[in-house]
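Spelled out from the first residue to the last, the chains are:
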Amino acid sequence: MRRILFLARAEVLHVVRDRATLAQALIVPVLQLLVLSNAATFQVRDTPTYVVDFDRSTASRGLINRFAASGRFEVVGDSASPDRGDEALLRGDVTMVLTIPGEFERTLVQTGIAPIQLAVNAEKGSAAAIVQSYATAIASAYAGELTGAKGTPVAPAIDVRVRNWYNTTLNYKHFMVPGILVALVTLIATLLSAQNIAREKELGTLEQLNVTPITRTQFVTAKLLPFWVLGLIDLAIGLIVGVLVFDIPVRGSVVLLFGCAAVYLVVALAIGLWISTIVETQQQAMFVTFFVMNIYLLMSGLFTPVESMAPWVQTVSLANPVRHFVAISRAILVKGAGPADIARPFFTLVGFAVVTLALAVRQYSKRLA
Amino acid sequence: MKALAGLLRKEFFHILRDRRTLVVIIALPIVQVILFGYAIRTDVDHVRIAVVDPSPDAETLAFRARLDAANVFHIVAVLPRIEALEPLFKRGSIQGAVALDPQFAERLGRGEPAQLMIVADASEPNTGSLVQAYVSAMVGGYEQELRRRGRTVTIAPSVRMRFNPTRASSNLFVPGLMAFVLTIVSSLMTAISLTREKETGTMEALLVSPLLPWQIIAGKVAPYLLVGFISVVSVVLEARLVFNVPLRGSLTLLLVEGLLFILVSLSLGILISARTSSQRVAMMGALVGTLLPTMLLSGFIFPIESMPLALRLASTVVPARWFVLVARSVMLKGTGLVYLWPSTLVLFAMAALLLAASTRSFHARLDG
């Protein structure tokens, strides 16, 4: 036990003395959190729109006004030339072209139904669907207004109300920040442990440690303990920044979150340890870590929902520890989930921790023997 | 010239002999394209929902059948009370819910507005909006069927999804992916390879050789130019063959723009290596200076229009932003230089500027 503490103390001193590592561990995560949370958004707002109005009537102007006043669309240009609209779409200046055909008002009055056309730049998949639904909603609301104005108000047959639970303002940051916290903790834990042991290898100091009476388990514990603590500190810092800067909700128990993080960090550190056993140099350690993390983070549902992934990827991603911790972090912070709600992902993480640590330690011993 | 050929040969051997790095170089584009094609998607289908139906009868059953038939929803639970939703949301088993009023059928029959509530798990805001949009659209259709008799005014929008009618995410991500892969291969690799020569001291040996400075840079850069070009071709091939991403514009234009972007990335790599002394610092510099901006600020994954003004401004100095724009326009929209000359010009200017700066800082180091 005393040996572990001594070695752990040496590690802590290493980290504290090396400015580069300390900056990497404490400042970079905060910066990343600040930039990522602002950059990583699929939010749809102020869709630039071009209007091609052939009718130029009261009804068509009314419709355009409703679009402009909705706060969702910004009319950046209008003319009666479809070519100009098409060009704006091709050049990428606008995302949607609203075309109102001639005789729009007359058709509307005479037959009660008049067409309009929406051309949406669908390069950006799901954003296009959202733009479309906003536009359709505005058109039908305006139709309702016109119906009322004709003196025969018709009550809607079905009165639809919408509740957005857990995030009433649809703030994208409340979605991203709990996930980004996980990414930060993962990167720090895995990268630092992989790099640290690879450096000892490179410098040859690992050989020296091997001839001391210290056992493999003691060595691994002492190596990983400081980074485990550092990971928890990073999570705390990230959480504080998230609450103060981004006003993210903390609806569940913070203790529960840290409990899960404690287990999860063991997995992340074990992966780092495993990487350090298969590489020779720090450069390779960094490269391999980056490669592995890249796959893990992209498949975790952090940026895009797991449900949208191809079915086989969803199955494969069950073997991705990051996915489970992202789910836990979001459930606890945003939805206020309790122990019973997150039991499944939590025990999955416990399983991962046991298996990865055992594998990494075994691999480590083998490489040195 | 013979000396240059010798250096080139040596560099190629370097790349070919380092097996681990070679595997990463070759595997990276392939793995990334697969990841982005299959895993990074934002399409929402098969939304898991629950229906709260306190008093099931023929009318509500018909409504539920319609929900089910929409093919967008997958009803995982039918509950009697709205309170029962909470644990399902917390466990993440449902993404949304449709709650019907206890007097739904009764009110409909009496011609009064029947109440219906859409509950969306907005902790993922986009899925939240989509659930809401889908249910509203479905209800709208149902409503119109219910009151064919009443004389109302309807505006019937016809929607055309331009450039990507199926709204497949792979069409969006794969062209952008080229920028990402090229940044890794060009900037990261060059920065590290040049710093390694410095660290191991072999750079000094090159300097006292009869090679001119530009020849050293050319010799170092040419192999990576080739590797980068191969990556572009392999990404385009994979995109076409595996994911059926359209290539509506000119292939030649795409490849030429690709080369231009590789040149920019390589110059960035040289610049970073000239300013740093150890591989570790070079790696961090390349990561922070090129890779993260390419991933976050290029519009490759996250739309630039959604970002705050400060980040939108910052994105204009990221070379990848311009290349992503070009790659997407050429592949999806089939646009030519008529529309793309501004971005091309920006890339040209960046290449010229960075190349000049990197050759200069390389010189400065040689003299000092």
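Residues numbered from 1 in each chain as written. Chains lettered and ligands numbered in written order. Predicted model: local features only at pLDDT ≥ 70, side-chain atom pairs only at ≥ 80, totals over all residues. Heavy atoms only, no water.

Trainee: Residues and numbers for the overall build of chain A, please.
Mentor: A tally of regular secondary structure across chain A gives 14 helices and five strands. Here the C-alpha radius of gyration of chain A, 28 Å, is well above what a compact globule of 369 residues would show, namely 21 Å. Judged by the C-alpha coordinates and their principal axes, chain A covers about 95 × 45 × 40 Å. Across the 369 residues of chain A, 54% fall into the buried class. (Helix = DSSP H or I, 4+ residues; strand = E, 2+ residues; numbered from the N terminus. Rg over C-alpha atoms; globule rule 2.2 N^0.38 Å. Buried < 20%, exposed > 50% of the residue type's maximum accessible area, 1.4 Å probe, protein only.)

Trainee: Could you give me a rundown of the side chain of B:Ser265, with the residues and numbers involved?
Mentor: Residues and elements named next belong to chain B. Among the secondary structure elements, Ser265 is positioned in helix H10 (residues 251–275). By relative accessible area, Ser265 is classed as buried at 2%. Those residues in contact with Ser265 that lie beyond four places of it in its chain are Leu182, Thr183, Ser186 and Ser187. (Contact = heavy atoms within 4.5 Å.)

Trainee: Give me the nonpolar core: which residues, what numbers.
Mentor: Of all hydrophobic cores here, the largest spans 177 residues; its most connected members are B:Phe36, B:Leu85 and B:Met178. Examining the composition of this core, we find that 17 residues originate from one element, helix H7 (residues 172–203) of chain A, more than from any other. In this view, B:Phe36 contacts A:Leu298, B:Phe173, B:Leu177, B:Phe300 and B:Ile301; residues no more than four positions away in its chain are not counted. Core analysis: the next-biggest nonpolar cluster, separate from the first, contains 27 residues, A:Ala59, A:Phe104, A:Val120 and A:Val131 among them. (Core = buried A, V, L, I, M, F, W, Y, C linked by side-chain atoms within 4.5 Å.)

Trainee: Before we move on, could you go through the domain arrangement of chain A and cite the residues and values that matter?
Mentor: Segmentation of chain A into domains returns domain 1 (2–40 + 168–368) and domain 2 (47–149). Each of domain 1 of chain A and domain 2 of chain A has a C-alpha centre, and these two points are 48 Å apart. (Domains from an automatic or database assignment.)

Trainee: Tell me about the interface of chain A and chain B, and name the residues and values.
Mentor: With 102 residues of chain A at the interface, the matching set in chain B holds 99 residues. With both sides pooled, the region where chain A packs onto chain B buries about 9,400 Å², and carbon together with sulfur makes up 63% of that total. Scanning the region where chain A abuts chain B turns up zero salt bridges. Where chain A touches chain B, the interface holds one residue pair in polar contact (both at pLDDT 80 or more). In terms of residue count, helix H6 (residues 125–149) of chain A provides more of the side of chain A that touches chain B than any other element does, 14 residues in total. Residues that form the side of chain A that touches chain B fall into these classes: 56 nonpolar, 30 polar and 16 charged. (Buried area = accessible area lost by both parts, 1.4 Å probe. Salt bridge = Lys/Arg side-chain N within 4 Å of Asp/Glu carboxyl O. Polar contact = N/O pair within 3.5 Å; in protein donor to acceptor, adjacent residues only side chain to side chain. Nonpolar A, V, L, I, M, F, W, Y, C, P; charged D, E, K, R; others polar.)

Trainee: Any chance you could break down the pattern of salt bridges for me, citing the residues and the numbers?
Mentor: Per the stated rule, a full pass over the model turns up six salt bridges over all chains. Linking A:Glu200 and A:Lys223 is a salt bridge whose minimum nitrogen-to-oxygen distance equals 2.5 Å. Placement of the pair is A:Glu200 in helix H7 and A:Lys223 in helix H9 (residues 216–246), with a sequence separation of 23 residues. For A:Lys223, a relative accessible area of 2% gives the class buried. Across the salt bridge formed by B:Arg81 and B:Glu83, the nearest N and O atoms sit 3.5 Å from each other.

Trainee: Could you give me a rundown of the packing of helix H1 (residues 2–17) of chain A against H9(A), with the residues and numbers involved?
Mentor: Describing two packed helices takes the angle between their axes plus the distance from one axis to the other. Residues and elements named next belong to chain A. Between H1 and H9, the shortest axis-to-axis distance is 8 Å and the interhelical angle comes to 45 degrees. Compared by their axis directions, H1 and H9 come out oblique. Of the two possible hands of crossing, H1 and H9 adopt the one that is right-handed. Counted together, Arg3, Ile4, Leu7, Ala8, Glu11, Val12 and Val15 of H1 and Gln218, Phe219, Thr221, Ala222, Lys223, Pro226, Phe227 and Leu230 of H9 form the full contact between these two elements. Partitioned by chemical class, the residues of the contact of H1 with H9 number ten nonpolar, two polar and three charged. (Axes fitted to C-alpha atoms, helices over the stretch in contact; angles between N-to-C directions. Parallel < 35°, antiparallel > 145°, perpendicular 65-115°, else oblique. Left-handed = near helix turned anticlockwise from the far one by under 90°.)

Trainee: Mind laying out the environment of B:Gly285, listing which residues take part and the relevant values?
Mentor: Residue and element names in this part refer to chain B. Within the element layout of this structure, Gly285 appears in helix H11 (residues 279–296). With relative accessibility at 27%, the residue Gly285 sits in the partly exposed group. Each residue touching Gly285, except ones within four places of it in the same chain, is listed here: Ile272 and Thr290.

Trainee: Describe the pairing of strand E1 (residues 47–53) of chain A, and please don't skip the residues or the numbers.
Mentor: Residues and elements named next belong to chain A. With respect to burial, E1 is a largely interior element, seven of its seven residues being buried. Across the two faces of E1 the burial is the same, with Thr47, Thr49, Val51 and Asp53 and Pro48, Tyr50 and Val52 all buried. Where E1 meets strand E2 (residues 73–79), six bridges bridge the pair, whose relative direction is parallel. Paired with Pro48 across the two strands is Glu74, which belongs to E2. Handedness of the crossover joining E1 and E2 through helix H3 (residues 58–69): right-handed. Judged from the five bridges that link them, E1 and strand E3 (residues 96–100) form a sheet pairing that is parallel. If you follow Tyr50 over to E3, its bridge partner there is Val97. (Pairing = 2+ DSSP bridges. Right-handed = clockwise from strand over helix to strand, strands pointing away.)

Trainee: Break down helix H13 (residues 319–333) of chain B for me, citing the residues and quoting the values.
Mentor: Residues spaced three or four apart along an α-helix face the same direction, because each turn holds 3.6 residues. Residue and element names in this part refer to chain B. Taking 1.5 Å as the rise per residue, H13 with 15 residues should run 21 Å; its terminal C-alpha atoms sit 21 Å apart, in good agreement. Among the 15 residues in H13, 13 count as buried, and that is most of the element. With its phi angle positive at about 70 degrees, Gly334 sits one or two positions after the end of H13. (Expected span 1.5 Å × (residues − 1).)

Trainee: Provide a residue-level description of unusual backbone geometry, including the pertinent values.
Mentor: With glycine set apart, most residues show a phi of negative sign, and most peptide bonds adopt trans. Residues and elements named next belong to chain A. Phi at Glu103 takes a positive value of approximately 65 degrees, unusual for a residue other than glycine. Within the element layout of this structure, Glu103 appears in the loop between E3 and helix H5 (104–111). The phi dihedral of Asp247 falls on the positive side, at around 60 degrees, and the residue is not glycine. With respect to the element layout, Asp247 can be found in the loop between H9 and helix H10 (254–278).

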